[in-house]
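Listed below are the residues making up each chain.
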Amino acid sequence: SAPAEDATLGAGGQAWVTGNGGGSAGEDDVDDGITTLISPRIDLSGVGPALLSYARWYADHTEFDDVLEVSLSNDDGQSWTPIDRVTTNLEVEWRTTEVLVEDVLPPTDEMRLRVVAADDPNNSIVEAALDDLRVTVFDEGPRIQVYGTAALDTPITFFVNGVPGDQFTWWLSPFTGLLNIPSVNGPLLLDLATLNPFFSGVIGPERIQATTLTLPDDNALLGITVYLQVLSLRSGQKFFSNRDDLTVE
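Here's a quick rundown of the structure. (Residues numbered from 1 in each chain as written. Predicted model: local features only at pLDDT ≥ 70, side-chain atom pairs only at ≥ 80, totals over all residues. Heavy atoms only, no water.)

Moving on, we get to the overall build of the chain. Each helix and strand in the chain was counted, giving 0 helices and 18 strands. Across its three principal directions, the C-alpha atoms of the chain cover 65 × 45 × 35 Å. Among the 249 residues that make up the chain, the fraction classed as buried is 38%. For the chain, contacts bridging at least 24 residues in sequence account for 75% of all contacts bridging at least 6. A total of about 13200 Å² of accessible surface is found on the chain, and carbon and sulfur atoms cover 50% of it. Computing the positive centroid from 12 side-chain charges and the negative centroid from 39, the chain places the two 11 Å apart. (Helix = DSSP H or I, 4+ residues; strand = E, 2+ residues; numbered from the N terminus. Buried < 20%, exposed > 50% of the residue type's maximum accessible area, 1.4 Å probe, protein only. Contact = heavy atoms within 4.5 Å. Areas by Shrake-Rupley, 256 points an atom, 1.4 Å probe, with all protein chains shown as cover. Lys, Arg positive; Asp, Glu negative; His and termini not counted. Charge placed at Lys NZ, Arg CZ, Asp CG, Glu CD.)

Structure (structure tokens):
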């Protein structure tokens, strides 16, 4: 009842799934309640239109009395607004759903996505999966987002969007700041005295650049918080991005 393959073959080799074990169909499914998946916080404050998209899988066998519900929050999960509800077993395949965020909720810096699969009462074989979660922002950026658990010897992915050909540099500092520089669009949100370059690159044709780096296996980094910001160069103009942070756990 779970999918045999990811939604997009070769795209990453992983998906979120309620059960992926062997044996009979009922050995590793949702039973006697709900299984809930909640995304990390997504910062959509001050951006243009944002399109949320994802691929979902849902199976409800035996008794067709369960629901897969997908909801969106703009207050860090204190309240939820439904955006997708599957009540039929006719969609036992990957289906892609797209939602324009501003049509559902005002975008904030505390957006979260929630997916709930239920087998309540416990009388069905229920499986659900989620893949290819993506937020596409229709502005010229730069905007940044950091994804992953900041644990030692663990990969972290750094995203920045913009116009193809933009040259960008990630900067970091242990302190925040607020400084307007006449030659740059947008304020510097890091401490100028402790500013250090991190890495550089160029925005590709997809208008977003993802760079995955592995945190060093060094106990001296535990508990350290750094703040990050991107400086982009476009046709002779300079732009600062929003600010994000990373705390090593």
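Moving on to the layout of surface pockets. Size it by volume and the largest pocket reaches roughly 1700 Å³. In terms of lining residues, the largest pocket is bounded by 45 residues, among which Leu133, Arg134, Val135, Tyr147 and Phe159 are the most central. When contributions to the lining of the largest pocket are tallied by element, the ones reaching two or more residues are strand 2 (33-38), strand 7 (112-119), strand 8 (125-137), strand 9 (143-147), strand 10 (155-161) and strand 16 (208-214). A total of 8 residues in the lining of the largest pocket trace back to one element, the largest contributor, which is strand 8. For the lining of the largest pocket, the class distribution of residues is 24 nonpolar, 12 polar and 9 charged. Here the second largest pocket defines a volume of roughly 630 Å³. For the second largest pocket, the lining is made up of 22 residues, of which Arg41, Gln145, Val146, Asp244 and Asp245 are closest to its centre. Mapped by element, the contributors of at least two residues to the lining of the second largest pocket are strand 9 and strand 18 (237-247). The element best represented in the lining of the second largest pocket is strand 18, accounting for 6 residues. (1 Å grid on protein atoms, 1.4 Å probe; cavity = no way out; pocket = protein on both sides within 12 Å on 5 of 7 lines; lining within 4 Å. Points joined across faces, edges and corners; volume = space filled by probe spheres on them. Nonpolar A, V, L, I, M, F, W, Y, C, P; charged D, E, K, R; others polar.)

So, on to the pattern of salt bridges. As enumerated under the stated definition, the model contains 7 salt bridges in all. Here Arg234 makes a salt bridge to Asp166, at a shortest N to O gap of 2.8 Å. Note that Arg234 is positioned in strand 17 (residues 225-234) and Asp166 in the loop between strand 10 and strand 11 (167-173), a separation of 68 residues in sequence. Accessibility assignment for this pair places Arg234 and Asp166 in one class, buried. (Salt bridge = Lys/Arg side-chain N within 4 Å of Asp/Glu carboxyl O.)

This part covers empty space enclosed by the protein. Rolled over the atoms, a probe sized like a water molecule indicates the empty space that remains. Counted under the stated rule, the structure contains 1 cavity of 30 Å³ or more. Here the largest cavity defines a volume of roughly 30 Å³. Looking at the lining of the largest cavity residue by residue, the class counts come to 7 nonpolar, no polar and no charged.

Whenever strands of a sheet pair, they do so through backbone hydrogen bonds, lying parallel or antiparallel. Here we have 3 strands laid out as an open sheet, ordered 9-10-16, and antiparallel in their pairing. Each edge of the open sheet carries a strand with a single partner, namely strand 9 and strand 16. Between one strand axis and the next, the sheet turns through 15° on average, direction left out of account. (Pairing = 2+ DSSP bridges. Axes fitted to C-alpha atoms, helices over the stretch in contact; angles between N-to-C directions.)

A few words now on the side chain of Ser241. Looking at the secondary structure, you find Ser241 in strand 18. A distance of 2.9 Å separates a polar side-chain atom of Ser241 from the backbone nitrogen of Val230. For Ser241, the residues in contact, after removing those within four places along its chain, are Pro142, Arg143, Ile144, Leu189, Gln229 and Val230. (Polar contact = N/O pair within 3.5 Å; in protein donor to acceptor, adjacent residues only side chain to side chain.)

This part covers the pairing of strand 4 (residues 68-73). Counting buried residues along strand 4, 5 of its 6 residues qualify, which places the element largely inside the surrounding structure. Sheet analysis places strand 4 next to strand 5 (residues 81-86), joined by 5 bridges and oriented antiparallel. When the bridges of strand 5 are listed, Ser71 appears paired with Pro82. Sheet topology note: the strand 4/strand 7 ladder contains 6 bridges and is antiparallel. Residue pairing for strand 7: Glu69 is matched across the bridge by Val116.

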